[in-house]
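# Chain and residue survey
Each chain, letter by letter, is given below.
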Amino acid sequence: MNDSRIIKVGSIIDIYDIPVFEKHLKVYRENNIKPKMSAILTSDDAGSVSYMKGIARFCKKWNVDFESFTVSNSDELESLIFNLNKSETNGIMVMYPSGFDKKDTFFMNLVDPEKDLEGLNTANLGYLVQFEKFRDASGLRKYVIPPTAKGILYIFKRNYTYFEEHKERFGIYPESQTTNPYQIEGKRITIINDSLAVGRSLALMMLNEAASVQVCHKYTPFEDILKFVSQSDIIVSAVPSSKFVLPTSIVPENAIVIDISFEGNFEYPEIIDKVYKIAPRWDLVKKGDRINDITLYRLISNLFYLVNLKLNEEILEKIYGE
């Protein structure tokens, strides 16, 4: 396995996230503010239970109050969301799919947009569609967008910045590249997932960055998916099935691949040795370098955005000022 082709998520976190988080928490401490997150488990799904535990550990690490709840039906979930909307918690998230008798979008829209940690309320999704980033003219209060999709976009944005800074300093791009491989504008992107939290949100984000985007889902013929993938610069797959595997032979050698399926949607290790860069299946990289790690940081950054909605300009300037 060619380790040089693995996207270094941990390096992005170390360089860009940790200093920003530390600055937020320093200002919060100085003003007696402690962020609080509320998460709701709707099933005994092993992945959801594991994710909940991971969020709890992450919140403890960053001195964020965390409370978890478990509900067993739609009435309990509706009542809990109603009560949390009125509580002092800063952010609410629900583990979807709920599997209850009401559509998940019903519950997404029950969450107060100013406590919507996942950015799935129609109000927040609407701002994503319109490509609105800030709630105020000063750019100090940001809109929340879905954290998993946001994490993928973040990888491209941060690596793009690194490549541009390297060229400005040394006159050439890293790794003998003639162009910036993380530039999104004009790229052909195939996303194999159409959930609101991942595929649809990411497609909107990439469209906002002027990419050409193809979204595939369970009704897309497999032969069409293969055709789209074979013509893509960037491939993102999140199919929750061990039976869905894309053959390495159809993936372009210069492609950047993001595999966020728990089961893995590519042939390993062959795919790693072929493509330009890859964020592979979670268990093939060490903890701290996984896509899930960048998602957790985006989740907490969303929480900070919601906390900051209530803060005055003077405090926000201490956070975002030079």
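Everything in this summary refers to the structure shown in the same document. (Residues numbered from 1 in each chain as written. Predicted model: local features only at pLDDT ≥ 70, side-chain atom pairs only at ≥ 80, totals over all residues. Heavy atoms only, no water.)

### Some thoughts on the nonpolar core
Within the largest apolar cluster, 65 residues are counted, with the highest numbers of intra-cluster contacts made by I7, M37, I55, M93, F156, M206 and I258. Counting residues per element, this core draws most heavily on helix α10 (residues 291-308), at eleven residues. If we skip the residues at most four places from it in the chain, M93 touches M37, S38, A39, I40, Y51, I55, L117, E118 and L299. Listed in part, the 21 residues of the second largest apolar core include I6, I225, Y268 and V275. (Core = buried A, V, L, I, M, F, W, Y, C linked by side-chain atoms within 4.5 Å. Buried < 20%, exposed > 50% of the residue type's maximum accessible area, 1.4 Å probe, protein only. Helix = DSSP H or I, 4+ residues; strand = E, 2+ residues; numbered from the N terminus. Contact = heavy atoms within 4.5 Å.)

### So, the sheet that holds strand β4 (residues 188-192)
Ordered by their spatial adjacency, five strands build an open sheet running β5-β4-β6-β7-β8, and the pairing between neighbours is parallel. The open sheet has two edge strands, β5 (212-216) and β8 (277-279), and neither has a second partner. Sheet twist, expressed as the average angle between the axes of neighbouring strands with direction ignored, equals 10 degrees. Across three bridges, strand β7 (residues 256-259) lies against β8 in parallel orientation. (Pairing = 2+ DSSP bridges. Axes fitted to C-alpha atoms, helices over the stretch in contact; angles between N-to-C directions.)

### Thoughts on helix α2 (residues 46-61)
Under the 1.5 Å per step criterion, the end-to-end length of α2 is 23 Å for 16 residues, consistent within 8% with the ideal 22 Å. Contacts made by the buried residues of α2 are with β1 (36-41), β2 (65-70), β3 (91-94) and α10. Put simply, D45 is the residue that caps the front of α2, since its side-chain oxygen is 2.9 Å from the backbone nitrogen of S48. Just past α2, the residue N63 takes up positive phi, approximately 55 degrees. (Expected span 1.5 Å × (residues − 1). Polar contact = N/O pair within 3.5 Å; in protein donor to acceptor, adjacent residues only side chain to side chain.)

### Some points on the sheet that holds β2
Taken in spatial order, the three strands make up an open sheet running β2-β1-β3, and their pairing is parallel. With partners counted over all chains shown, the strands left at the sheet margins are β2 and β3, one partner each. Between one strand and the next, the sheet's axes are offset by a mean angle of 20 degrees, whatever the strand orientation. Contacting β1, β2 and β3, α2 runs over the sheet at an angle of about 170 degrees to β1. Against the sheet, helix α3 (residues 74-86) contacts β1, β2 and β3, and its axis sits at roughly 175 degrees relative to β1.

### A look at the layout of surface pockets
Approximately 880 Å³ is the volume attributed to the second largest pocket. Together, 32 residues line the second largest pocket, and K142, K150, Y154, R158 and Y305 are the ones closest to its centre. Here the residues of the lining of the second largest pocket sort into 16 nonpolar, six polar and ten charged. (1 Å grid on protein atoms, 1.4 Å probe; cavity = no way out; pocket = protein on both sides within 12 Å on 5 of 7 lines; lining within 4 Å. Points joined across faces, edges and corners; volume = space filled by probe spheres on them. Nonpolar A, V, L, I, M, F, W, Y, C, P; charged D, E, K, R; others polar.)

### Notes on the side chain of D17
As for its placement among the helices and strands, D17 is situated in helix α1 (residues 9-30). Setting aside residues up to four positions removed in sequence, D17 forms contacts with I12, Y154, I294, Y297 and R298.

### Regarding the packing of helix α6 (residues 147-170) against α10
Two numbers describe a pair of packed helices, the interaxial angle and the distance between the axes. Interhelical geometry of α6 versus α10 gives an angle of 110 degrees and a closest axis separation of 8 Å. Comparing the axis directions of α6 and α10 gives the class roughly perpendicular. Contacts between α6 and α10 pair P147, T148, K150, G151, Y154 and I155 from the former with I291, I294, T295, R298, L299, S301, N302 and Y305 from the latter. Looking at the contact of α6 with α10, its residues break down into seven nonpolar, five polar and two charged. (Parallel < 35°, antiparallel > 145°, perpendicular 65-115°, else oblique.)

### Focus on the packing of aromatic side chains
Using the criterion set out here, one finds 15 aromatic pairs in the structure. Relative to F107, the ring of F100 has its centre 6.5 Å away and its plane inclined at 85 degrees; by these criteria the two rings are edge-to-face. Like F107, F100 is buried. Sitting over the ring of Y276, K277 keeps its end group 5.5 Å from the ring centre. (Phe/Tyr/Trp six-rings, centres within 6.5 Å; stacked < 30°, edge-to-face > 60°. Lys NZ or Arg CZ within 6 Å of the ring centre and 35° of its normal.)

### Quick notes on the pattern of salt bridges
What the rule picks out here adds up to 15 salt bridges. Note that E114 is salt-bridged to K310, the shortest N-O span being 3.0 Å. Taken together, the residues E114 in the loop between α4 (104-110) and α5 (122-129) and K310 in the loop between α10 and α11 (313-320) connect sequence positions 196 residues apart. Taking relative accessible area as the criterion, E114 reaches 33% and is therefore assigned partly exposed. (Salt bridge = Lys/Arg side-chain N within 4 Å of Asp/Glu carboxyl O.)

### Side note on the pairing of strand β6 (residues 234-237)
Because side chains alternate across β6, one face comprises the buried residues I234 and V236, and the other comprises I235 and S237, equally buried. Alignment of β4 against β6, held across four bridges, turns out to be parallel. From the neighbouring strand, I192 faces β6, where its bridge partner is S237.

### Quick notes on the environment of S72
Note that S72 resides in the loop between β2 and α3. Between the C-alpha atom of S72 and that of L41, which follows or precedes it by 31 residues, the distance is 8.8 Å.

### Overview of a positive patch on the surface
Judged by side-chain charge, K53, R57, K61 and K287 come together as a positively charged surface patch. Following the sequence through the fold, K287 ends up in the loop between β8 and α10. (Patch = residues over 30% accessible without salt bridge, like charges linked within 9 Å, V, L, I, M, F, W, Y side chains within 5 Å. Areas by Shrake-Rupley, 256 points an atom, 1.4 Å probe, with all protein chains shown as cover. Lys, Arg positive; Asp, Glu negative; His and termini not counted. Charge placed at Lys NZ, Arg CZ, Asp CG, Glu CD.)

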